[in-house]
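Each chain, written out:
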Amino acid sequence: MDRPLKTSGPSLLNAIIIGVKKCGTRALLEFLKLNPKIKAPGPEVHFFDKNYDLGYDWYRQQMPFTSPGQITLEKSPAYFVGKLVPERVHKMNPRIKLIVVVRNPITRAISDFTQAVTRKRRHIGSTRFEDLATCPTNGTRRASCSKGVSHNWNALKIGIYHRFLRKWLEYFPRKQFLFIDGERLITDPATEIRKAEKFLGLTPTIKSTNFVKDPVKGFPCVKRFDATIHCLGKSKGRTHPKVMPDVIHRLEEFYQPENERFFELIGQRFKWF
Ligand code: A3P
């Protein structure tokens, strides 16, 4: 048997899940790890955003051991919105494959908000989602207000996917990206995972029988080949607050043209609302 080798250089990192935060990036990675050809570091490495000064040697040390033919995959969802990240990734490996999970940006924002509340962020306190997402429509015009939506709120801003993607497209051609639908990753994980395996040049090994539904949360859990079942931890699949329908409607109107710009950019459409 081959002795496992530590990935011998950062350029040997084959692919990165670059985002988007709260769209199902952990689920995607955990599901893909069912394929024995895929190896990934446990925690998010944050090399290209927070730890870049530590250098390639440090980055290499964070990587798992791989055998010939195995693929090293990293996931750090903050990369998608990091201004300096695309250039840095390109400098390391201009041929790297980039995977982006995207979902309905409204659900993404509610998920982001729910996480912030759970972590008891001081600036959120007892504020409702509706209060942070909206602004008065009674004539008081504010630069941060568009169609009654507080679009400068980070939780909403991240969902304007095309803005962040444009920066990546300055460095990488579209064919180097795979876009995974985070909504479908919940309802039909096997189909999305098959796409990712193909994109990574692997023989598809993960099937619909590798997923079972968590009876409590309703999200898919993985059924490994040894029949053990693994669901994501308690920080994934949280219960979301019920948001007032008129606010959802306002957000749909706001996001509709932004989503169209994104779909045009990627040459692919998702049915989110
Ligand atoms: P919520 O916890 O708000 O529901 P990320 O891993 O990028 O932070 O995304 C987290 C989101 O992934 C979760 O947000 C959940 O909606 C979604 N998700 C997708 N598949 C999941 C799964 N199998 N188990 C749990 N959460 C999943």
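Here the structure is a predicted model, which means the values were calculated and not measured.

Conventions and cut-offs
- Residues numbered from 1 in each chain as written.
- Predicted model: local features only at pLDDT ≥ 70, side-chain atom pairs only at ≥ 80, totals over all residues.
- Near = placed C-beta within 6 Å.
- Helix = DSSP H or I, 4+ residues; strand = E, 2+ residues; numbered from the N terminus.
- Nonpolar A, V, L, I, M, F, W, Y, C, P; charged D, E, K, R; others polar.
- Axes fitted to C-alpha atoms, helices over the stretch in contact; angles between N-to-C directions.
- Parallel < 35°, antiparallel > 145°, perpendicular 65-115°, else oblique.
- Contact = placed C-beta atoms within 7 Å.

**Q** Would you take a moment to explain the site of the ligand for this structure?
**A** Surveying the vicinity of the ligand reveals 18 residues, the closest of which are Arg-26, Ala-27, Ser-111, Phe-219 and Gly-237. Within the residue set of the shell around the ligand, elements represented by two or more residues are α1 (25-32), α4 (105-118) and α8 (184-187). Element by element, the count of residues in the shell around the ligand is highest for α1, at three residues. Partitioned by chemical class, the residues of the shell around the ligand number eight nonpolar, five polar and five charged.

**Q** Just to check I follow, could you spell out unusual backbone geometry for this structure?
**A** With glycine set apart, most residues show a phi of negative sign, and most peptide bonds adopt trans. The residue after Gly-19, namely Val-20, is reached through a cis peptide bond having omega 5 degrees. Tracing the backbone through its elements, the reader meets Val-20 in the loop between β2 (15-19) and α1. Even without being a glycine, Lys-22 presents a positive backbone phi close to 70 degrees. Tracing the sequence through the fold places Lys-22 in the loop between β2 and α1. Even without being a glycine, Ala-227 presents a positive backbone phi close to 80 degrees. Position of Ala-227 among the secondary structure elements: in the loop between β11 (220-223) and β12 (229-230).

**Q** It is not clear to me how the packing of helix α7 (residues 161-169) against helix α10 (residues 245-266) should be interpreted in this structure. Could you clarify?
**A** Packed helices, taken two at a time, are described by the angle between their axes plus the distance between the axes. At a minimum axis separation of 8 Å, α7 and α10 run at an interaxial angle of 30 degrees. As far as their axial angle goes, α10 and α7 are roughly parallel. Of α10, the residues touching α7 (which contributes Tyr-161, His-162 and Leu-165) are Glu-258, Arg-261, Phe-262 and Leu-265. Within the contact of α7 with α10, the residues separate by chemical class into four nonpolar, one polar and two charged.

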